[in-house]
Amino acid sequence: MTETLDRLRLSRLGDDDLELLLLVRHFELKLLELYGRGELNGTTHTCLGQEYVPVSLRPLLGEHDHIFSNHRGHGHYLARFADPHGLLAEIMGREGAVCGGVGGSQHIHRDRYLSTGVQGESLPVAAGVALHLKRAEPGALACVYIGDGTWGEGAVYEALNLASLWRLPLLVVVENNGIAQSTPTTSQMAGSIAGRAAAFGVKHHLVVSTDVNEIRTSLEPLVTEVRDCRPLVVEFVTHRLGPHSKGDDIRPADAVQAARDNDWYVRYANDHPDQFHRLDRLVRAEVQAIADEVAARPLSRWEES
Amino acid sequence: MRVAENLNAALHGLLDDDPTAYVLGEDVLDPYGGAFKITKGLSMRFPGRVIGTPISEGALTGVAAGLALTGNTAVAEIMFGDFVALAFDQICNFASKSVSMYGKRLPLRMVVRCPTGGGRGYGPTHSQSMQKHFVGMPGLSLYEMSPFHDNRAVFTAMLQRGEPCLFFEDKVLYTRQMDQVDPMFRVRRDGELAVIDLEDRPDCVIIAPGGMAHRTLAAMKTLVLQQEISCRLLVPSRLYPLDVDAMLPHLGEVVLVAEESTAGGTWGGEVAHLLHERVWDRLRGPVRLVHSRASVIPTAAHLESEVLAGESTIHDAVRKALRG
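Residues numbered from 1 in each chain as written. Chains lettered and ligands numbered in written order. Predicted model: local features only at pLDDT ≥ 70, side-chain atom pairs only at ≥ 80, totals over all residues. Heavy atoms only, no water.

- Looking at an unreviewed UniProt entry, one finds chain B named 3-methyl-2-oxobutanoate dehydrogenase (2-methylpropanoyl-transferring) and attributed to Streptosporangium carneum.

- Identification of chain A as Dehydrogenase from Streptosporangium carneum is taken from an unreviewed UniProt entry.
- Under the UniProt heading Cofactor (unreviewed entry), the note attached to chain A is "thiamine diphosphate". (UniProt positions renumbered as here; feature names shortened; annotations may be inferred.)

Things to note about the interface of chain A and chain B
Okay, so step 1: Taken together, the 30 residues of chain A in the interface contact 30 residues of chain B.
Okay, so step 2: Buried surface at the junction of chain A and chain B, both sides included, amounts to about 2,300 Å², of which 66% is carbon and sulfur.
Okay, so step 3: Taken together, the links from chain A to chain B amount to zero salt bridges.
Okay, so step 4: On the surface where chain A and chain B come into contact, there are eight residue pairs in polar contact (both at pLDDT 80 or more).
Okay, so step 5: Elements with a minimum of two residues in the side of chain A that touches chain B: strand E1 (66-69), strand E3 (113-115), helix H5 (122-136) and helix H6 (154-165) of chain A.
Okay, so step 6: At eight residues, the largest contribution of residues to the side of chain A that touches chain B is made by H5 of chain A.
Okay, so step 7: Of the residues that constitute the side of chain A that touches chain B, the class distribution is 16 nonpolar, 10 polar and four charged. (Contact = heavy atoms within 4.5 Å. Buried area = accessible area lost by both parts, 1.4 Å probe. Salt bridge = Lys/Arg side-chain N within 4 Å of Asp/Glu carboxyl O. Polar contact = N/O pair within 3.5 Å; in protein donor to acceptor, adjacent residues only side chain to side chain. Helix = DSSP H or I, 4+ residues; strand = E, 2+ residues; numbered from the N terminus. Nonpolar A, V, L, I, M, F, W, Y, C, P; charged D, E, K, R; others polar.)

Let's talk about the domain arrangement of chain B
Residue and element names in this part refer to chain B.
Okay, so step 1: What the domain assignment lists for chain B is domain 1 (3-173) and domain 2 (186-323).
Okay, so step 2: For domain 1 versus domain 2, the distance between C-alpha centres works out to 26 Å.
Okay, so step 3: Facing 31 residues of domain 1, the contacting portion of domain 2 comprises 35 residues.
Okay, so step 4: In total, domain 1 and domain 2 occlude about 2,400 Å² of area from one another, counting both sides; carbon and sulfur atoms represent 59% of this. (Domains from an automatic or database assignment.)

A word on empty space enclosed by the protein
Residue and element names in this part refer to chain B.
Okay, so step 1: Evaluated as defined, the whole model comprises five cavities of 30 Å³ or more.
Okay, so step 2: Volume-wise, the largest cavity comes out at about 100 Å³.
Okay, so step 3: Forming the walls of the largest cavity are 14 residues, and the residues nearest its centre are Gln-131, Glu-144, Pro-209, Glu-259 and Glu-260.
Okay, so step 4: Those elements that place two or more of their residues in the lining of the largest cavity are helix H6 (210-227) and strand E12 (255-262).
Okay, so step 5: Across the lining of the largest cavity, the residue classes tally to four nonpolar, five polar and five charged. (1 Å grid on protein atoms, 1.4 Å probe; cavity = no way out; pocket = protein on both sides within 12 Å on 5 of 7 lines; lining within 4 Å. Points joined across faces, edges and corners; volume = space filled by probe spheres on them.)

Structure (structure tokens):
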């Protein structure tokens, strides 16, 4: 999974897509910097290298769709709401936090978006939501982001069984970054994700590209099928550029290098330098300004009821 | 009316009154109607809202939470309460947490039904009282079925809390009659508390959840006839959080808590602590705890009855509390 998968030129994106990609990238880099300076409490899991997954899916998911995210969910949230202020305030425990600072990085609920910090737990819940949508709001779907490591949890299989059996509009997006915290996928998974989906009669689609336009084109008809109550597992072969959380990366240098070689950020900069550098500078400065502004806010308040 | 029929009627009533209500669980569909027949007739009357699931307690509880999250009312049946261990993550880390961990209250109308307890020879993994494992979880309320509480009203109360509830149903109650009590006793209700006694100033007060009520009443009868000891029984519907204030007017100098749970980390220990904080000065001694032995629950009838707390355990505990 650490091979260089895609050496083709990345297609040109609209400014809005590139800005969103860069927003997630600089947001995550800023978090690591803030943690490094001891300005954040607890821990965080950045999605560096994986930003293009939720950005690709963004226009394919509507406001009626439910999204379930996981511990590595900042990109998922930003692709849904473009609200870096609220998310950073949540992570920093400042006024304007999405969840008052109670949930923090990995427990966020806003409208039809919900993240939890326990692996696999959200799949059965998403199945329940999909059951509701199928009956009450046909055409809407429940999308769940999980990782390769999540497939170690039995809840995944119980939920896949239900999704197939009950024909639920459930979209499972797997961000297979080849490593679960410190454990390589090869050391924790027998067989394959495709084989596991097949066992339940659930369609599986593999995405190896990092080209947002190309991914969207390939997924669009498949997502439409999900809306027609055909559950789907989409497996992105992706790369986690950063550590699992912060400063806990024990991967060999060549594995980290392979992740860097596949990084859309560097590749896009090479392929479209003018657009890239114009927006990169802009977004970097914007994130800096957001961080300064949010850090200066008063502490968040928990309005218990 | 038998308790099982009352519970069945409550579920019929709920599905009838609430078009968003779902009942789901293993083998709950007609004609089987659930391992204990509590869901009998439901799927015939409400097809589509009564859902038979695979043997996946974690998933079916998660599905219930997902239905609740989208504004529905969800009642999940765990076939034997022991198996709620398989749904612990969904209950502890998802459903109960979701009520408050997102910063503002997220109401969930969700009940997980748990047929509970021993006395029927089902053995160590089908006879436990799991209540104690869920005591003290923020966002989770615990209720217990009782012959003195109409189940329709209890379901209304649970759902009005807007947070997940576990409903423990002592299996031995299913075949007993609602409100069954020896005519020597008087029964009254004070809010959600059932109060059963012989006179205004009893020698001793016993707090017991619904499943222990008939065993406590049997002990109370022999105590008064053989020992001239007069007891009062208090049966709360909600075990946690416990409404201690509602109990205070009914207490005396000697108080016991009786439950079927095996020893160690019991609900009664929590009740005793709450009472000690409030009425220590009024008590003749510490609140006494009556529970089953610290043991697995054996299958053979003679062994099972040695382990489980019953009429004689309560009888002896009361005598000891009063006469040493």
